[in-house]
Amino acid sequence: MTELLPNYVAGRWQAGSGAGTPLFDPVLGTELARVDATGLDLPEAFAFAREQGGNALRALTYRQRAGLLGAIVKVLQANRDAYYEIATANSGTVKNDSAVDIDGAIFTVGQYAKWGDTLGDVRALRDGEAVKLGKEPVFQSQHLQVPTHGVALFINAFNFPSWGLWEKAAPALLSGVPVIVKPATATAWLTQRMVRDVVDAGVLPAGALSVVCGSSAGLMDALQPFDVASFTGSAETAAIIRSHPAVAERSVRVNIEADSLNSALLLPGAAPGSDAFNLLVREVVREMTVKSGQKCTAIRRILVPAEVYDAAAEAIGAKLAGVSVGNPRNESVRMGSLVSRAQLDAVRDGLDALASQTTVLHDSRNKPLVDADPKVAACIGPVLLGARDADAAQRVHDVEVFGPVATLLPYRDLAHGMALAHRGQGSLVTSLYGSDDAALAQVALSVAPSHGRVHVVTPEVAQAHTGHGNVMPMSLHGGPGRAGGGAELGGLRALDFYHRRSAVQASPGVLAALGL
Ligand code: NAP
């Protein structure tokens, strides 16, 4: 029997009372550990976090809590090697792809530690200046942001067991709000291990950080009005979360990061072989292959002027042909596996769903795997699809194949290209490629309403740009509509979610005594 990973709630490690759900190595097929949350007293767990964790965190200032984040960074850095081993075994990712999750998390916590320090030794934040409520300034209104007196529940997706925890926990803890994280079952081990290390290091007050591994049953039921819930995952589960009584009746604030049909758009005039064309090709290949395409921000739709469609297909296909796929422990492997056989089935189903509306432009599905058994490993080579009639291929704008798959689509003119980008019904990110600053700026403004982030790649930023799919803590993460309507990160803007806005109406003397 493999180890049953304990949960950490109500200030103590507690094993579930059931047999547990096994976690697997998606390349070797071996069982690694089990998770189970059966029998946990969730009302007790939430009350402990809310009261003990919340009171202890709120007793500190922003600067002191920033110090806690700094201490977390040290703990995570000290245990980094173990995290890479877990990611290789449980997520099937090569080292560079594990880095996106692990080092991306450490970097993000470090950023919030720095930003938090600038907020100083206060326990509430001023929101704008005081304004007079009458003719004379004797009675004024001062808006404040105060930490919510609740717990932050995170229900996370399988593809970022590390970053998914810390990109949410850093702003929550900095805000003075305790965290309960429920990682996706398939990859819960890394999240659980990181929480274990931070708990064992004793750097946080009791109740500030808890982890529940296994079923989500009962978690949403435990939420009360001042709690917040942050969900990352599929649109189907998001719909269940949104309609839960905690949200619908108790007004629990909820943030949803769901799936997204992100696009890359090559502006007109970029000839095959030009810098802009080559930058698009490089980024598309990177996005299709990093984490085997299991990134919510990955490019799914590639929009190019009709006259370069064939050249783009050839250039992207040529690069994809050079991508080695297989066991991430073999250093010659560039792309590891999907997270599970179930995910492999989902990718195959997605390809089937797109088959009638697309043609296959490049196919590495039958390429031999390196050091991996195709009957066991959840590996699949990249597939580039194409649809010459981008308008008619409705499913391409609707079906997210969560793997190394993207579809090339030609557009007639720029207006058509932008209309196709909007067909994603709201996306996390689009990237634009070209060399005319004025034209790129106009397109950026036009597509911004349906995208949380617009990533513009020009030849002069070829080396400096941070990557279409790479979520930087300085920039907003989240998109409207189909992408879930969420908003995370964006520097200190992330703190808004964990604060309540209140207006104190009083004399200038009282307002000055607030000490902000
Ligand atoms: P999922 O199946 O929706 O699961 C997400 C989380 O919800 C898991 O922790 C899951 O737990 C939990 N869950 C399942 N049913 C639930 C219920 N009835 N009530 C409460 N929680 C429930 O999604 P996934 O397959 O893990 O993730 C892939 C999807 O996430 C993709 O569509 C991707 O685009 C999206 N994603 C979006 C972002 C973003 O930031 N926008 C980031 C990453 C991924 P179990 O694992 O135990 O079932």
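Please refer to the structure placed before this passage.
The shown structure was predicted, so the numbers you read here are calculated from the model rather than taken from an experiment.

Engineer: How should the site of the ligand be read in this particular structure?
Structural biologist: Near the ligand you find 26 residues, and of these N156, T185, S234, T237 and E400 are the closest. Here H477 contributes a side-chain N or O atom positioned 2.8 Å from an oxygen atom of the ligand. Coverage of the ligand by the protein chains reaches 80% of its 910 Å² of free accessible surface. Of all elements in the fold, only β12 (228–232) and α7 (235–242) reach the threshold of two or more residues within the shell around the ligand. Sorting elements by how many residues they give to the shell around the ligand places α7 first, with three residues. When grouped by side-chain class, the residues that make up the shell around the ligand number twelve nonpolar, ten polar and four charged. Two domains share the shell around the ligand, each providing at least three of its residues, namely domain 1 (4–258 + 488–513) and domain 2 (262–472).

Engineer: What am I meant to see in the nonpolar core here?
Structural biologist: A general tendency of soluble globular proteins is for nonpolar side chains to be buried together. L69, I72, Y112, F154, W166 and L173 are the most contacted members of the largest nonpolar core, which totals 58 residues. When residues no more than four places from it in sequence are discounted, the contact partners of Y112 are L69, A170, P171, L174, P473, L489, G490, G491, A494 and L495. By size, the runner-up hydrophobic cluster in this structure holds 28 residues, among which are A387, A393, L420 and A444.

Engineer: I'm lost on the sheet that holds strand β17 (residues 383–386) in this one. Help?
Structural biologist: Strand pairing in a sheet relies on backbone hydrogen bonds, with the paired strands running either antiparallel or parallel. An order of β16-β17-β18-β15-β14-β19-β20 is seen for the seven strands of this open sheet, with the pairing classed as mixed. Whereas interior strands pair on both sides, the edge strands pair on one side only; in this sheet they are β16 (359–363) and β20 (451–457). Averaged over all neighbouring strand pairs, the angle between strand axes comes to 20°, with direction disregarded. As judged from the three bridges shared by strand β14 (residues 263–266) and strand β15 (residues 301–305), these two strands associate in the parallel manner.

Definitions and limits used
- Throughout this document, residue positions are counted from 1 along each chain, in the order its sequence is written.
- Totals for whole chains, interfaces and linings use all residues, but because this is a predicted model, local features are given only for residues with pLDDT of at least 70 and pairs of side-chain atoms are given and counted only at 80 or more.
- Computation of side-chain values: all heavy atoms of the structure, hydrogens and water removed.
- Throughout, the term near means that a residue has one or more heavy atoms lying within 4 Å of the molecule or strand in question.
- In the analysis that follows, any N or O atom pair within 3.5 Å is treated as a polar contact, provided that within protein one partner can donate a hydrogen and the other can accept it, and provided that, for residues neighboring in sequence, both atoms belong to side chains.
- Only the protein chains shown count as cover for residues, with accessible areas throughout obtained via the Shrake-Rupley method and a probe of 1.4 Å.
- We count a stretch as a helix when DSSP gives it H or I for four or more residues in a row; a strand needs E for two or more, and each element gets its number in order from the N terminus.
- Basically, the charged four are Asp, Glu, Lys and Arg, the nonpolar ten are Ala, Val, Leu, Ile, Met, Phe, Trp, Tyr, Cys and Pro, and anything else, Gly included, counts as polar.
- Reported domain spans reflect what an automatic or database domain assignment gives.
- Take the buried Ala, Val, Leu, Ile, Met, Phe, Trp, Tyr and Cys residues and link them wherever side-chain atoms come within 4.5 Å; each set so joined is a nonpolar core.
- Per-residue accessibility, obtained with a 1.4 Å probe over protein chains only, is compared with the maximum for each type, and a residue is labelled buried under 20%, exposed over 50%, and partly exposed between these values.
- Contact between two residues is taken to exist if any of their heavy atoms lie within 4.5 Å; hydrogens are not considered.
- A pair of strands is labelled paired if DSSP reports no fewer than 2 bridges between them.
- The convention used is that axes are lines fitted to C-alpha atoms, helices contributing only their stretch in contact, and that angles between N-to-C directions extend from 0 to 180 degrees.

Shape descriptors only; they carry no functional weight alone.
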